[in-house]
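Each chain, written out:
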Amino acid sequence: MEKLNGKKINTAVFISGRGSNLKSLIKYSKKKSSPIIIRLVISNNLNAKGLIHAKKSNIKSYVISFKHKNITYKKLLNKLLSNDINLICLAGFMKILSKNFIKKFDKPILNIHPSLLPKYKGLNTHKRVIKNNEKYSGATVHLVTEKLDSGRIILKKKIRVSKYDNEKTLEKKVLKIEHLIYPKAIEKLLFSL
Ligand code: GRF
């Protein structure tokens, strides 16, 4: 990874759906002090609502089907290379990136997960947290490896789960802190390189 030297890091954000984290990352990237510039948005889903945020900010977006894996990864790597991307942020991206792709990209890939990892990896985190009567939940930003939700943790933040919370209210609370910690985690990572 090249050193910052006042230059912003070309970043790609991968999404599959709503894109509230993308929206907050775009807002953050527009700050003068932000170390990143979002050059590309990649979606595996043509109907991802989040694509609208890229459009509104004139950020190039590409929808790539992950049906034919080998061709997809080749295309993807070419796109990332030709846009000089040095950081990938997964934000609600519902595909698991292959070991080979991660190795070939050879630059940091971050992901945000709506739980206090290593607890509650995978899907339906809020449902499981409520079911287990957990007192705390939260969000975690971590580096991506081929193992789901298991790479080195960069930052996590805890919130209290109230006895009145349900899946929806908890999701809302956690999303709020996701939007706060993703930019902070990016700074923590980039300034430690
Ligand atoms: C977030 O809860 C994120 O942690 C998880 O998927 C959700 C995506 O939400 N990986 P959004 O598309 O960013 O609104």
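Now for a look at the structure at hand. Residues take numbers from 1 onward in each chain, read along the sequence in its written order. Confidence filtering applies because this is a predicted model: local features only for residues at pLDDT of at least 70, side-chain atom pairs given and counted only at 80 or more, and all residues used for totals across whole chains, interfaces and linings. Water and hydrogen atoms were dropped before computing side-chain values, which therefore reflect all heavy atoms in the structure.

1. Points about the overall build of the protein
Okay, step 1: A run of H or I in DSSP counts as a helix once it spans at least four residues, and a run of E counts as a strand once it spans at least two, with each numbered from the N terminus. Across its full length, the protein holds six helices and seven strands.
Okay, step 2: Reading the protein from its N terminus to its C terminus gives the helix and strand order β-α-β-α-β-α-β-α-β-α-β-β-α.
Okay, step 3: Put simply, the radius of gyration uses C-alpha atoms, and a globule should come to 2.2 Å times the residue count raised to 0.38. A compact globule built from 193 residues would reach a C-alpha radius of gyration of about 16 Å, and the protein, at 16 Å, matches this within 12%.
Okay, step 4: Counting only C-alpha atoms and orienting by the principal axes, one finds that the protein spans roughly 50 × 40 × 30 Å.

2. Some words on the pairing of strand S2 (residues 36–43)
Consecutive side chains along a regular strand alternate between the two faces of the sheet.
Okay, step 1: Along S2, six of the eight residues are buried, which leaves the element largely enclosed by surrounding structure.
Okay, step 2: With the strands pointing away from the viewer, any crossover whose connection runs clockwise from the first strand over the helix to the second is right-handed. A crossover connection joins strand S1 (residues 9–15) to the parallel S2 through helix H1 (residues 20–29); in handedness this β-α-β unit is right-handed.
Okay, step 3: The sheet contact formed by S2 and strand S3 (residues 60–63) spans four bridges and is parallel. Residue leucine 40 lies in a different strand from S3, and its bridge partner there is lysine 60.
Okay, step 4: Once you follow S2 into helix H2 (residues 51–56) and on to S3, the crossover reads as right-handed. Burial classes: relative accessible area under 20% of the type maximum marks a residue as buried, over 50% as exposed, and values in between as partly exposed (1.4 Å probe, protein chains only). In this analysis, strands are considered paired if DSSP registers two or more bridges between them.

3. Things to note about the site of the ligand
Okay, step 1: Summary of the distance rule: residues count as near a molecule or strand when at least one heavy atom falls within 4 Å of that molecule or strand. The immediate surroundings of the ligand are formed by Arg18, Gly19, Ser20, Asn21, Gly92, Ile112, His113, Pro114 and Glu178.
Okay, step 2: Whenever two N or O atoms come within 3.5 Å, that pair is a polar contact, provided that in protein one can donate a hydrogen and the other can accept it, and provided that, for residues adjacent in sequence, both atoms are side-chain atoms. Residue arginine 18 places a side-chain N or O atom 2.6 Å away from an oxygen atom belonging to the ligand.
Okay, step 3: Between glutamate 178 and the ligand, the recorded distance is 2.7 Å, taken from a side-chain N or O atom to an oxygen atom.
Okay, step 4: What sets the accessible areas is the Shrake-Rupley method with a 1.4 Å probe; for residues, cover comes only from the shown protein chains. Out of a free accessible area of 370 Å², the ligand has 85% covered by protein chains.
Okay, step 5: Where the shell around the ligand is concerned, the elements lending two or more residues are H1 and strand S5 (109–113).
Okay, step 6: Following the grouping adopted for this structure description, the nonpolar residues are Ala, Val, Leu, Ile, Met, Phe, Trp, Tyr, Cys and Pro, the charged ones are Asp, Glu, Lys and Arg, and the polar ones are all others, Gly among them. Looking at side-chain class alone, the shell around the ligand contains two nonpolar, five polar and two charged residues.

So yeah, pure geometry; function would need other evidence.
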